[in-house]
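What the coordinates show
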Amino acid sequence: YTRRRDYLSELDLEQKRQRQKHSKTDDNKQPFPTPDIPPQDIFRDGSKYSSWDENGFPMKDANGKELSKAATKKLKKIYDAHCKRHDKWKEQKKNNDDDSKSTNGD
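What comes next concerns the included structure. What you are looking at is a predicted structure, and each value in this text was computed from that prediction instead of being measured. (Residues numbered from 1 in each chain as written. Predicted model: local features only at pLDDT ≥ 70, side-chain atom pairs only at ≥ 80, totals over all residues. Heavy atoms only, no water.)

1. Concerning the overall build of the protein chain
Scanning the protein chain for helices and strands turns up two helices and two strands. For the protein chain, the succession of helices and strands along the chain, N to C, is α-β-β-α. Per-residue burial over the protein chain gives 14% buried out of 106 residues. Within the protein chain, counting contacts between residues at least 6 apart in sequence, those at least 24 apart form 38% of the total. By element, 49% of the accessible surface of the protein chain is carried by carbon and sulfur atoms, the whole surface being about 8,900 Å². (Helix = DSSP H or I, 4+ residues; strand = E, 2+ residues; numbered from the N terminus. Buried < 20%, exposed > 50% of the residue type's maximum accessible area, 1.4 Å probe, protein only. Contact = heavy atoms within 4.5 Å. Areas by Shrake-Rupley, 256 points an atom, 1.4 Å probe, with all protein chains shown as cover.)

This is the structure in structure tokens:
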């Protein structure tokens, strides 16, 4: 009885691993844009979205349907993270430009 139970639990674990493996495929991942792209432009893809707000955040999908609450939450998370990365990139670029001006000005 215990051998059978151990065998079944191993099968369950293997099936669970397979499901997790398939859920982590590249098809489910949305590529993270490079930091030099302004946040208002990261979702400007006409094949995925048809309407955006003033900040470039998508409001409707390509078919003209309102985005679901879950999709909006997911995109908001990506948008906020990209805003932080973009601001950090701008700050680094500004610092690099200031450094190059001070070394060239000597």
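Still more ground to cover, so stick around.
2. Re the pairing of strand E2 (residues 58-61)
Bridge analysis of strand E1 (residues 49-52) against E2 gives three bridges, and the strand direction is antiparallel. Pairing of serine 51 across the sheet is with lysine 60, part of E2. (Pairing = 2+ DSSP bridges.)

3. Considering the environment of glycine 56
Mapped onto the elements of the fold, glycine 56 is located in the loop between E1 and E2. A relative accessible area of 0% places glycine 56 in the buried class. Between the C-alpha atom of glycine 56 and that of isoleucine 42, which follows or precedes it by 14 residues, the distance is 7.7 Å. Excluding its chain neighbours within four sequence positions, the residues that come into contact with glycine 56 are Gln40, Phe43 and Arg44.

4. A look at the environment of proline 39
Here proline 39 lies in the loop between helix H1 (2-23) and E1. Residues proline 39 and arginine 85 lie 46 residues apart in sequence; the distance between their C-alpha atoms is 9.5 Å. With residues near it in sequence (within four places) discarded, proline 39 still touches Asn55, Tyr79, His82, Cys83 and His86.

5. Overview of the packing of aromatic side chains
Inspection of every chain in the model, using the stated rule, returns three aromatic pairs. Taking the centre distance of 6.1 Å and the plane angle of 85° together, the rings of phenylalanine 43 and tyrosine 49 count as edge-to-face. Of the two residues, phenylalanine 43 and tyrosine 49, neither departs from the other in class, the shared state being buried. Ring geometry for phenylalanine 57 versus tyrosine 79: centroids 5.7 Å apart, planes at 85°, classification edge-to-face. (Phe/Tyr/Trp six-rings, centres within 6.5 Å; stacked < 30°, edge-to-face > 60°.)

6. A few points about the nonpolar core
Counting eight residues, the largest nonpolar core consists of Ile42, Phe43, Tyr49, Phe57, Leu67, Leu75, Ile78 and Tyr79. In terms of residue count, helix H2 (residues 69-104) provides more of this core than any other element does, three residues in total. (Core = buried A, V, L, I, M, F, W, Y, C linked by side-chain atoms within 4.5 Å.)

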